[in-house]
Amino acid sequence: METLIFLLFALLAVGSSLVVVVHKNPVYSTMSLVVTLFSVAVLFVLLGAPFIGALQILIYTGAILVLFLFVIMLLNVTREESAVSQQKVQAGGALLGALVFGGMLAVLFWNARRPMDPMTEELVSMKGLAREMFGQYLLPFEIVGMLLLVAVIGATVAARKPPQPDKPVEDLEP
Amino acid sequence: MPANLLATIVNIAVMVGFILTVVPVMVWVERRGSALMQDRPGPNRLGPFGLIQPLADALKFFFKEDVTPTAVDKPLYLLAPALAIMPALLTISVIPFGPALTIGDETYPLMIADAPAGVLLFLALASLGVYSLVLAGYASNNKFSLMGAIRASAQMISYELALTLAVLAVVIPVGSFHLQDVVDYQRAHVWNFIPQILGFVVFLIASFAETNRLPFDLPEAESELVAGFHTEYSAMRFASFFMGEYMSMTSLSALGVTLYFGGWSLPGVDLHGWLGAVVGLLVLVAKIAFCMAIFVWVRWSFPRFRYDQLMRLGWKVLLPVAIVNLILVAVLTLSGVLGAP
């Protein structure tokens, strides 16, 4: 039964992530990414980590992808334009993705030479995660937080129009 | 059939039956309630007090022509109304509706999904509700609909933050994400809305925004956007948005009463066994009915917010208040004022 569910959602994750890359319409790509992340959340639950699964849905599908959709609709990108001229960009992206994936696999196999501690349910429970995140990995956690804060401030500054005193203000939002 | 499976099926029948029954009842309450507040009779021809009116409304929806405009993005256009109902049906599964029932040697929890991360699961599944609005607005290929969808996505993301922070503050003194533990904590101490009145107010306001009810129904805003995200929908597809709204109101009310008003429990009354199960369910339904009455009352009392006012309230008032409440509850819990979990 569990194997069946695993197979179903693993296939769904792989299939929908292919759609994300291949589909021409960005809204459909985003919606397939929703399916991908939902399937991965189900896989987390099957692995005995319901907390991480719930967070996956809450943060990624519930918030980040909605913002993706928001931006796509705000810019009104209906279809990917002139896919031919972007082939170089796509090839570069594919190469970078392959490199990152290869690097991750290499690290995985390098570490797998000697036996590792098994991923116990205690480690992926709420308490275990909190202990790791706010204990051993507190500094990286805070650095990531600072990085995100800097990114938010940077985005706000970049999005802000420079003040133009000689022009009367007309196009302000009501 | 194994007993566990049977218990789950009974639980599903009770809760899903309840949430589906709410819709016609709420149609009647909303129409008669608005009439009462506007000093007019309201629907009073069909049956005593117009009680059969929802049936007539439903029949009308069934027999109307289902128009699909030619320029719509068809798959997404058809998917959106189905997504409107789904989150409410899923989230109701983590709400406990009575004390655990012991039959023979087995103990059965009176909730569909006995999930240890129940509160998070509720928030996660409820956050999927925004997709139906956004997709409906996008797929309709209509400027008013698109405006509604853009508003919906920004509004629901903003208010979800405040809502989640308010809910997390409840979880701190309890020490568990399981909603049955939240109820047990309140049976041992006081109902959460007394020490956490600040968080409750944030939760209440944010839940109006999350369910797109007046004064925050900006995604539909009929005075400016025709009908917003569901402008192009008709017949049963329109009705499913309508049902989805009432059903998510119900499930959010169920979460609210479970977090702040003791859920199925009554103070000073020890509910257990079969009688406890029945009384617990009735108590929960009564509390939810009270919340739904507040939803109707607020809808017909307040004018709609402007979009910038909505955003300012969400980010500059509710979010800071929710953070202050979170810190306050954490300090009170650590200093032992709120009682040991």
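The rules behind each value
- Residues numbered from 1 in each chain as written.
- Chains lettered and ligands numbered in written order.
- Predicted model: local features only at pLDDT ≥ 70, side-chain atom pairs only at ≥ 80, totals over all residues.
- Heavy atoms only, no water.
- Domains from an automatic or database assignment.
- Helix = DSSP H or I, 4+ residues; strand = E, 2+ residues; numbered from the N terminus.
- Contact = heavy atoms within 4.5 Å.
- Buried area = accessible area lost by both parts, 1.4 Å probe.
- Salt bridge = Lys/Arg side-chain N within 4 Å of Asp/Glu carboxyl O.
- Polar contact = N/O pair within 3.5 Å; in protein donor to acceptor, adjacent residues only side chain to side chain.
- Buried < 20%, exposed > 50% of the residue type's maximum accessible area, 1.4 Å probe, protein only.
- Phe/Tyr/Trp six-rings, centres within 6.5 Å; stacked < 30°, edge-to-face > 60°.

Student: An account of the domain arrangement of chain A is requested, with residue identities and associated values reported.
Tutor: Under the domain assignment, chain A is made up of domain 1 (1-81), domain 2 (83-116) and domain 3 (117-160). For domain 1 of chain A versus domain 2 of chain A, the distance between C-alpha centres works out to 20 Å.

Student: So what's going on with the side chain of aspartate 57 of chain B? Residues and values would help.
Tutor: Note that aspartate 57 of chain B resides in helix H2 (residues 53-63). Every residue in contact with aspartate 57 of chain B, bar those within four places of it in the chain, is listed here: Val27 and Arg31 of chain B.

Student: Kindly report on the interface of chain B and chain A, identifying the contributing residues and their values.
Tutor: Many authors give the size of an interface as the accessible area that is lost as the parts come together. Between chain B and chain A, the contact holds 24 residues from the first and 25 residues from the second. Counting each side, the surface lost to burial between chain B and chain A is near 2200 Å², with a carbon and sulfur contribution of 81%. Joining chain B to chain A, the criterion identifies zero salt bridges. The interface formed by chain B and chain A includes three residue pairs in polar contact (both at pLDDT 80 or more).

Student: A description of the pattern of salt bridges should follow, citing residues and the corresponding values.
Tutor: Side-chain pairing between opposite charges can occur once the charged atoms of the two side chains come close. Residues and elements named next belong to chain B. Using the criterion set out here, one finds nine salt bridges over all chains in the structure. For arginine 237, the salt bridge identified is with aspartate 66, shortest N-O distance 3.2 Å. Of the two residues, arginine 237 sits in helix H10 (residues 235-260) while aspartate 66 sits in the loop between H2 and helix H3 (74-91), which places them 171 residues apart along the sequence. Exposure remark for aspartate 66: the relative accessible area of 33% places this residue in the partly exposed category.

Student: Let's hear about the environment of tryptophan 264 of chain B: which residues, and what values?
Tutor: Residues and elements named next belong to chain B. Relative to the elements of secondary structure, tryptophan 264 occurs in the loop between H10 and helix H11 (273-299). Overall, tryptophan 264 belongs to the buried group, its relative accessible area being 1%. Placed 127 residues apart in sequence, tryptophan 264 and glycine 137 show a C-alpha to C-alpha distance of 38 Å. With near-sequence residues (within four places) excluded, tryptophan 264 lies in contact with Pro96, Phe97, Gly98, Pro99, Gln180, Val183, Arg187, Leu271, Gly280, Val283 and Leu284.

Student: Run through unusual backbone geometry, naming residues and quoting values.
Tutor: Glycine aside, the phi torsion of most residues is negative, and most peptide linkages are trans. Residue and element names in this part refer to chain B. Of note, the phi angle at asparagine 141 is positive, near 55°, even though the residue is not glycine. Mapped onto the elements, asparagine 141 comes out in the loop between helix H5 (130-139) and helix H6 (143-174). Its relative accessible area of 52% is what places asparagine 141 among the exposed residues.

Student: I'd like a rundown of the packing of aromatic side chains, residues and numbers included.
Tutor: Counting across every chain of the model gives 18 aromatic pairs over all chains. Between phenylalanine 134 of chain A and phenylalanine 141 of chain A, the ring centres sit 4.9 Å apart and the planes meet at 75°, which makes this aromatic pair edge-to-face. Residue phenylalanine 141 of chain A is classed as partly exposed on the basis of its relative accessible area, which comes to 33%. Ring-pair connections join several aromatic residues into one group, and the members of that group are Trp191, Phe193, Phe200, Phe203, Tyr260 and Phe261 of chain B.

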